[in-house]
Amino acid sequence: MNSTIIACQVLRDELNLAIRETGCSYPVIWVDAGYHNDPDLLRTKLQAEIDVLENVDNILFAYGCCGNGLVGLKASTANLIIPKTDDCISMVLSQPGGKFERRKNTYFVTKGWLENPKNIFKEYQHAVTRYGEQRAKRLFDKMLNHYRYLMLIDTKAYDLAEWASKAAEFADNLNLEMTVAEGGIMFLKKLLTGPHDQDFCVIQKGGVVKISHFSNISSDSFQ
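Residues numbered from 1 in each chain as written. Predicted model: local features only at pLDDT ≥ 70, side-chain atom pairs only at ≥ 80, totals over all residues. Heavy atoms only, no water.

*Asks:* Is there a simple way to explain the pattern of salt bridges in this structure?
*Replies:* Pairing is possible between side chains of opposite charge, provided their charged atoms come close. One pass over the structure, following the stated rule, counts 9 salt bridges. For Asp13, the salt bridge identified is with Lys111, shortest N-O distance 3.1 Å. Of this pair, Asp13 sits in helix H1 (residues 12-22) while Lys111 sits in helix H4 (residues 111-115), placing them 98 residues apart in sequence. When the shortest N-O distance is used, the salt bridge between Lys190 and Asp199 registers 2.7 Å. Given the relative accessible area of 15%, Lys190 is considered buried. In this structure Asp199 comes out as buried when scored by relative accessible area, which is 6%. One connected set of salt bridges, linked through shared partners, spans Asp13, Lys111 and Glu115. (Salt bridge = Lys/Arg side-chain N within 4 Å of Asp/Glu carboxyl O. Helix = DSSP H or I, 4+ residues; strand = E, 2+ residues; numbered from the N terminus. Buried < 20%, exposed > 50% of the residue type's maximum accessible area, 1.4 Å probe, protein only.)

*Asks:* Please explain the environment of Asp154 as it appears in this structure.
*Replies:* Mapped onto the elements, Asp154 comes out in strand S6 (residues 149-154). Classification of Asp154 as buried rests on a relative accessible area of 13%. Taking the C-alpha atoms as reference points, Asp154 and Asp86, 68 residues apart in sequence, are found 19 Å from one another. Every residue in contact with Asp154, bar those within four places of it in the chain, is listed here: Leu160, Val180, Ala181, Glu182, Gly183 and Gly184. A polar contact is formed between the side chain of Asp154 and the backbone nitrogen of Lys156, at a distance of 3.2 Å. (Contact = heavy atoms within 4.5 Å. Polar contact = N/O pair within 3.5 Å; in protein donor to acceptor, adjacent residues only side chain to side chain.)

*Asks:* Just checking my understanding: could you explain helix H7 (residues 160-173) for this structure?
*Replies:* Each α-helix winds once per 3.6 residues, and so residues spaced three or four apart point in a common direction. In a regular helix each residue adds 1.5 Å, so 14 residues correspond to 20 Å; H7 covers 20 Å between its end C-alpha atoms and thus fits that length. Those residues of H7 that fall on the buried side of the exposure criterion are Trp163, Ala164, Ala167, Phe170, Ala171 and Asn173. In this structure, the buried side of H7 is in contact with strand S5 (106-109), H4, helix H5 (120-131), helix H6 (133-143), S6 and strand S7 (177-182). Where H7 begins, the side chain of Asp159 points an oxygen toward the backbone nitrogen of Ala161, at a separation of 3.1 Å. (Expected span 1.5 Å × (residues − 1).)

Have a look at this one:
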């Protein structure tokens, strides 16, 4: 069967590693991570990518539910296969078939997130330039007052030491405690190779993605 992958740029390193380790050669459509900032725009962008595909049986999504951004997608040209995770963070922190509980009071980052030109650290730097360091710190302290930790996820897809220093700088500027957690690419490898079982939403061609398809995710994820 012919398959195509639609993936968020944030997962570029992890997905490329999964592709190398599985030997899969499916074409990949990379989508700018900035669409995550607005679930409606993300849905519109993904639908446009789905609608133009031809001669494809399955579209594999390197996305989770992502703030309901994938809910409402129509399988107009092929079957849609989507990991049953709330977002990309869950995808690289959890194992297929396992129960995942997101650590509270924690802001999660990876190399891909830190490279994203629209991440919150870039916004902080812009605020420093515009308002000065003291005012920028006050603004972001208020914005992040319910976070205590910044967690860098070691997905084994990049040099941890290099990016830990960048994450530590980010944490220091925003008065967060830096931590590191072990992650991985098993979910992405299973997305590529199957089986597409209870860990995935499988939407047959002609169907529509519904919130009920993500039935194993806590309702807290959608608030």
